[in-house]
Amino acid sequence: MKGMIFILVQDFIKETFGDEIYYEIMDRSKLQTKDPFVYPGTYPDEDLIEMVVKAAEVLKISVDDALLAFGAYFIGAMHPRHPEFFDKFDHPKDFLKSVDGVIHMEVRKLMKDTLLPSFKHHEPNENTLVLSYHSERKLHMLAHGILNGVAEQYKQHPFTIDRSKPYEKDGKEFVDFTLVFES
Amino acid sequence: MLTETNTKLLQRRLDDAERKIRVLEDMIENSSRELYIANQDLKHKNKDLEQIIYVVSHDLQEPLTTLYAFLGRLAEKHHQELSSQGQEYLDYANISAERMKALIKGLLDHSRIGAKRIVETIDFNQVVKDVMLDLDSIIQESKVKITIENLPKLQAYSIESRLLFQNLIHNAIKFAKPGHIPIIRIGAEEMQTHVSFYVEDEGIGIEEDHHEKVFKIFQQLSRKPGGVGIGLAHCKKIALMHEGDLWIDNTYTEGCRFCFTFSKGL
Ligand code: HEM
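Every value quoted in this text rests on a predicted model; they were computed, and no experiment measured them. (Residues numbered from 1 in each chain as written. Chains lettered and ligands numbered in written order. Predicted model: local features only at pLDDT ≥ 70, side-chain atom pairs only at ≥ 80, totals over all residues. Heavy atoms only, no water.)

A.B. asks: Provide a residue-level description of the overall build of chain B, including the pertinent values.
C.D. replies: Secondary structure summary: chain B contains six helices and seven strands in total. Element order for chain B, N to C, with α for helix and β for strand: α-α-β-α-α-β-β-α-β-β-α-β-β. Out of the 266 residues in chain B, the part that is buried amounts to 31%. Expressed as a percentage of contacts within chain B between residues at least 6 apart in sequence, the contacts between residues at least 24 apart total 72%. Total accessible area on chain B stands at roughly 17,300 Å², and carbon and sulfur atoms take up 54% of it. (Helix = DSSP H or I, 4+ residues; strand = E, 2+ residues; numbered from the N terminus. Buried < 20%, exposed > 50% of the residue type's maximum accessible area, 1.4 Å probe, protein only. Contact = heavy atoms within 4.5 Å. Areas by Shrake-Rupley, 256 points an atom, 1.4 Å probe, with all protein chains shown as cover.)

A.B. asks: Before we move on, could you go through the interface of chain B and chain A and cite the residues and values that matter?
C.D. replies: Residue-level contacts link eleven residues of chain B with 15 residues of chain A. Both faces considered, chain B and chain A share a buried interface measuring about 1,200 Å² in area, 57% of it formed by carbon and sulfur atoms. With its nearest N and O atoms 2.8 Å apart, the salt bridge here joins D19 of chain A to R13 of chain B. In this structure, the connection of chain B to chain A is made through six residue pairs in polar contact (both at pLDDT 80 or more). Residues that form the side of chain B that touches chain A fall into these classes: four nonpolar, one polar and six charged. (Buried area = accessible area lost by both parts, 1.4 Å probe. Salt bridge = Lys/Arg side-chain N within 4 Å of Asp/Glu carboxyl O. Polar contact = N/O pair within 3.5 Å; in protein donor to acceptor, adjacent residues only side chain to side chain. Nonpolar A, V, L, I, M, F, W, Y, C, P; charged D, E, K, R; others polar.)

A.B. asks: I'd love a proper account of the side chain of S263 of chain B, names of residues and values included.
C.D. replies: Residues and elements named next belong to chain B. Mapped onto the elements of the fold, S263 is located in strand β7 (residues 257-263). Judged by relative accessible area, S263 falls into the buried class, the value being 6%. A distance of 2.9 Å separates a polar atom in the side chain of S263 from the backbone nitrogen of G265. Among all residues touching S263, those that are not within four sequence positions of it are L154, Q155, T193, H194, H242 and E243.

A.B. asks: So what's going on with the nonpolar core? Which residues, and what values?
C.D. replies: Counting residues in each nonpolar core, the largest one holds 55 residues, and the members touching the most others are F70, F95, L96 and L179 of chain A. For this core, the element with the most residues is helix α1 (residues 3-28) of chain A, which contributes eleven residues. Two domains share this core, each providing at least three of its residues, namely domain 1 (3-61) and domain 2 (89-181) of chain A. Residues contacting F95 of chain A, with those up to four places away along its chain left out, are F85, F86, F89, I103, V150 and Y154 of chain A. Core analysis: the next-biggest nonpolar cluster, separate from the first, contains 39 residues, V199, M241, L246 and F260 of chain B among them. (Core = buried A, V, L, I, M, F, W, Y, C linked by side-chain atoms within 4.5 Å. Domains from an automatic or database assignment.)

A.B. asks: Tell me about helix α2 (residues 84-112) of chain B, and please be specific about residues and values.
C.D. replies: All names here are of chain B. Here α2 spans 42 Å end to end across 29 residues, near enough to the 42 Å set by a 1.5 Å rise per residue. Within α2 the residues assigned to the buried category are G86, L90, A97, I104, G106, L107, L108, H110 and S111. Here the buried face of α2 lies against α1 (4-77) and α6 (231-241). Phi turns positive, to about 85°, at G114, one or two residues after α2. (Expected span 1.5 Å × (residues − 1).)

A.B. asks: Tell me about unusual backbone geometry, residues and numbers included.
C.D. replies: Across the chain, the bulk of peptide bonds are trans and the bulk of non-glycine residues have phi less than zero. Residue and element names in this part refer to chain B. Located in the positive-phi region is F218, a residue other than glycine, with phi close to 60°. For F218, the position within the fold is in the loop between β5 (194-201) and α6. Under the relative-accessibility criterion, F218 is labelled partly exposed at 30%. Here E243, not a glycine, exhibits a phi torsion of approximately 55°, which is positive. Inspection of the secondary structure assignment puts E243 in the loop between α6 and β6 (246-248).

A.B. asks: Tell me about the environment of Q220 of chain B, residues and numbers included.
C.D. replies: Summarising the element assignment, Q220 of chain B is placed in the loop between β5 and α6. With a relative accessible area of 24%, Q220 of chain B lands in the partly exposed category.

A.B. asks: Describe the pattern of salt bridges, listing the residues and the values that go with them.
C.D. replies: Tallying each qualifying case throughout the model produces 25 salt bridges over all chains. The salt bridge partner of E123 of chain A is K93 of chain A, with a shortest N-O separation of 3.2 Å. With E123 of chain A in strand β1 (residues 118-125) and K93 of chain A in helix α5 (residues 92-110), this residue pair connects regions lying 30 residues apart in the sequence. Of the charged contacts, one joins K237 of chain B and E50 of chain B as a salt bridge, the two residues approaching to 3.0 Å between their closest N and O atoms. In this pair, K237 of chain B sits in helix α6 while E50 of chain B sits in helix α1, placing the two residues 187 residues apart along the sequence. Residue E50 of chain B is classed as partly exposed on the basis of its relative accessible area of 31%.

A.B. asks: Can you tell me about the site of the ligand, naming the residues and giving the values?
C.D. replies: All names here are of chain A. Neighbouring the ligand are 30 residues; K2, H104, L115, Y133 and S135 lie closest to it. Take K2: an N or O atom from its main chain is 2.5 Å from an oxygen atom of the ligand. Within the contact set of the ligand, an oxygen atom lies 3.3 Å away from a side-chain nitrogen or oxygen of R137. At the level of elements, α1, α3 (63-81), α4 (83-87), α5 and α6 (140-153) are the ones that each hand at least two residues to the shell around the ligand. It is α5 that provides the largest number of residues to the shell around the ligand, a total of six residues. Within the shell around the ligand, the residues separate by chemical class into 24 nonpolar, four polar and two charged. (Near = heavy atom within 4 Å.)

A.B. asks: I'd like a rundown of the sheet that holds β6 of chain B, residues and numbers included.
C.D. replies: All names here are of chain B. The strand order across the open sheet formed by five strands is β2-β4-β5-β7-β6, and the pairing between neighbours is mixed. The open sheet has two edge strands, β2 (145-148) and β6, and neither has a second partner. Neighbouring strand axes in the sheet, compared pairwise and without regard to direction, differ in orientation by 15° on average. In the sheet, β5 pairs with β7 via seven bridges, with the strands oriented antiparallel. Pairing of V195 across the sheet is with F262, part of β7. Most of the contacts of helix α3 (residues 124-134) go to β2, to which it runs at about 165°, and overall it touches β2, β4 (183-190), β5 and β7. Against the sheet, α6 contacts β6 and β7, and its axis sits at roughly 30° relative to β7. (Pairing = 2+ DSSP bridges. Axes fitted to C-alpha atoms, helices over the stretch in contact; angles between N-to-C directions.)

Structure below.
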């Protein structure tokens, strides 16, 4: 996983809980990476999971809740860094439809060694968008948190998020997010 | 007041930052090395390509000359024996040979651009005046109005600079609106590291979809007689060899405005 994600996790902890908690979590984490994480680096997924697991332990929350909270923070942190992705779309539905084809596509050009998830989408009716998440990393709780964050960014167009159980199709695991928009 | 814990935390933050800087410095160094190697590789590949273009176009000339000679003899000595259809075929063969000759010349010219690199101080007012002399007959014929505004003196490649202006001015005349007297405005603006030139006309313009395509070799938008569609590819190459670029201004709607930049640091 890219260093950017590691740094954002660390920033999230520092900003929300302060340096003391942050260093407590880092001291408990048994990381394969000995050097500090930097933005353009690429690090083992296990290190990210380890950090999140230890954060959940210290903060006495579940790992799922930790991923959810970080997901929402992630989108808030992306907005000032990459306003171009948000400015292009007035409606969260259009923004989310662009994740695979535009946003992550651009990310792939900007960074090397990425392994990005896929978000296939379809629209059963005008107010509904179904995003089918697939990734070897199985981080659907993070995806859910990110969707919460998107809702936060696009407050003027509220929507509900329903998450399916993981299911298998063509030997791959998917999780469907059904989003229903009020307008 | 700084408590002991606070001081410790601050110290840790500082250590982290220092270690990060070191990691980032290493990364920058590695990336620079990779970039340098990739750049060298590209330069070699570019050289190879130029060489191929040169060799191919050069070697194609010889059989073409033979073809010409025999077509000529056929027309001269056996004209009577040919049916009218046979003569028509011969005309077609001649036209194709002509076109092939023009294409090969275009390629050869293209590969020669930048082969001899001699930088001189050039007065671009003079360059445009020279080009206008070269194009005198077309200028007289078309009655084109050309205005030139404060062109600079600059270190540049003189033959190529002339070729660039010649192509752009010639194009502007060629693609004037039918029935209108062509109008061309040429000017320049000095920027920090580059000089930015423009050549604009009030002609038929180029659709935005084609703004990139026109700079590729043998891309012709219309079959105007006398061209094979390589002039703008020459121009692009010339701008690039001046460490600048050439493009069509898509905010200009009166016709076509070509903008190009030349580095001031050649
Ligand atoms: C707004 C700009 C965004 C940027 C710049 C961005 C960038 C990234 C980057 C760099 C990664 C790490 C990939 C790797 O290390 O291989 C990532 C992962 C991820 N992104 Fe995005 N992303 C953006 C928006 C979104 C949105 C809107 C969603 C969801 C709808 C999303 C869902 C995910 C998920 C779930 C992952 C975790 C990796 C996985 O599941 O395999 N991202 N993103």
